[in-house]
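An overview of the molecular structure
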Amino acid sequence: MDTSNNIDNDIKFLAKSEIRLKILNELDKHPDNVRGLVKKTNIAYSSVSSNIGKLENHDYITKVENKYYINPMTQVYYKTLMDFKNSVELVNDYDSFWNKHNLNQLSITSIKRITDLKNSELIETTPIDIYKTHNTIKNQIMNTKNIKAIFPYLHPEYPNLIEGILKNNGTVELIVPKSIFKELLFRVNDNVRRKALRYKKLKVYSFKNDLNLYLTICDENMSLGLFKNDGSFDQNRVLVSSDEQSHEWAEELFNHIKKQVKE
């Protein structure tokens, strides 16, 4: 028995009809009868009834006391389909951000959970405001007490921004390329740096290889930047979010890169 072929057929059957997906969406929330589904979906009674019959005949749903219940495996198929659909929509919505960019350092988990970024906002520079992306991130850093960040390059303002957080008794945890590790540390005020290191308020990890992504995790916001396929950092666009799911997504990615430093 070819199980993978059966699964493919199941997913194709469910994905082929927007009506079936809408019915499953409602049944995934609450069991209901045909009239209830008609009311919730605004789909004609005949269409709902016909597709309910097809779903029941293929054992995707079960009728119990005049109400239809979604079966456990159908839930798995449905959620997989929705995750894929939402991922495609997210990539399409921010095509200029993802397309022709290096995604090699994103973790498998980051890619699987890409829909966690659905409430993000794409910030892009304009001819009138060529520093829009940098100033957006700068404002986030200036208004946070704690930061975790992956800096693939050293911007002249970063040492002062880091110093400001440390002077405010905040915490800073950074992952930077080996090439800028010492320069970044020694451009922070000596007394501030020594005190922060002593009280473990400052941690800086040296990444041996090239870093092909940019990430900041502040108290209220996260931001993500990518490199183009030609190896240059795309300074013209950054994805930002204050959403909790996006924050968790960024934390997972940061820890994924930090683990590589410690290996």
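Look above for the structure.
Residues numbered from 1 in each chain as written. Predicted model: local features only at pLDDT ≥ 70, side-chain atom pairs only at ≥ 80, totals over all residues. Heavy atoms only, no water.

1. Focus: the overall build of the protein
A tally of regular secondary structure across the protein gives twelve helices and ten strands. The C-alpha atoms of the protein give a radius of gyration of 24 Å, which is well past the 18 Å a tight globule of 263 residues would have. Within the protein, the fraction of its 263 residues that count as buried is 43%. Considering only contacts in the protein between residues 6 or more positions apart, those separated by 24 or more positions represent 71%. Summed over all atoms, the accessible surface of the protein reaches about 15,000 Å², with 47% contributed by carbon and sulfur. Put simply, the protein has 38 plus and 34 minus side-chain charges, and the middle of one group is 5 Å from the middle of the other. (Helix = DSSP H or I, 4+ residues; strand = E, 2+ residues; numbered from the N terminus. Rg over C-alpha atoms; globule rule 2.2 N^0.38 Å. Buried < 20%, exposed > 50% of the residue type's maximum accessible area, 1.4 Å probe, protein only. Contact = heavy atoms within 4.5 Å. Areas by Shrake-Rupley, 256 points an atom, 1.4 Å probe, with all protein chains shown as cover. Lys, Arg positive; Asp, Glu negative; His and termini not counted. Charge placed at Lys NZ, Arg CZ, Asp CG, Glu CD.)

2. Some points on the pattern of salt bridges
In total, this model carries 13 salt bridges according to the counting rule given. Note that glutamate 251 and lysine 148 form a salt bridge whose closest N and O atoms lie 3.1 Å from each other. Here the residue glutamate 251 occupies a position in helix H12 (residues 244-262), and lysine 148 occupies one in strand S5 (residues 146-150), the gap between them amounting to 103 residues. Note that aspartate 190 and arginine 193 form a salt bridge whose closest N and O atoms lie 2.5 Å from each other. A residue pair is termed a helical-turn pair when its members lie 3 or 4 positions apart in one helix, as aspartate 190 and arginine 193 do in helix H11 (residues 190-198) at three residues. With a relative accessible area of 34%, aspartate 190 lands in the partly exposed category. Accessibility expressed as a relative area gives 8% for arginine 193, which makes it buried. Taken together, the shared-partner salt bridges in this structure form one network comprising Glu124, Asp234 and Arg237. (Salt bridge = Lys/Arg side-chain N within 4 Å of Asp/Glu carboxyl O.)

3. Observations concerning the nonpolar core
In terms of nonpolar packing, the biggest core is built from 29 residues, with Ile141, Phe151, Ile162, Leu166, Val172 and Leu174 touching the most fellow members. Of all the secondary-structure elements, those providing two or more residues to this core are helix H8 (132-142), S5, helix H9 (158-167), strand S6 (171-177), helix H10 (178-186), H11, strand S7 (202-207) and strand S10 (237-241). Considering each element in turn, this core owes the most residues, five residues, to H9. Beyond its immediate sequence surroundings of up to four residues, leucine 166 is in contact with Val172, Val188, Val192, Ala196, Lys201 and Leu202. Judged by nonpolar contacts, the second largest core, of 25 residues, contains Tyr205, Ile217, Leu224 and Leu253. (Core = buried A, V, L, I, M, F, W, Y, C linked by side-chain atoms within 4.5 Å.)

4. Re H11
Here H11 has its buried residues at Val192, Arg193 and Ala196. Mapping the buried residues of H11 onto a view down its axis gives an arc of 95°, with all of them on the same face. Opposite its buried face, H11 presents the exposed residues Asn191, Arg194, Lys195 and Arg198, each directed more than 90 degrees away. Tucked into the core, H11 has its buried residues touching H9, H10 and S7. After H11 finishes, the residue lysine 200 shows a positive phi value of roughly 60°. (Arc of directions from axis to C-beta.)

5. Regarding the side chain of arginine 237
With respect to the helices and strands, the residue arginine 237 is situated in strand S10. One polar contact links arginine 237 to glutamate 124, side chain to side chain, over a distance of 3.2 Å. Within the structure, arginine 237 has its side chain in polar contact with the side chain of aspartate 234 (distance 2.7 Å). When sequence neighbours within four positions are dropped, the list of residues in contact with arginine 237 reads Ser96, Phe97, Leu122, Ile123, Glu124 and Thr133. (Polar contact = N/O pair within 3.5 Å; in protein donor to acceptor, adjacent residues only side chain to side chain.)

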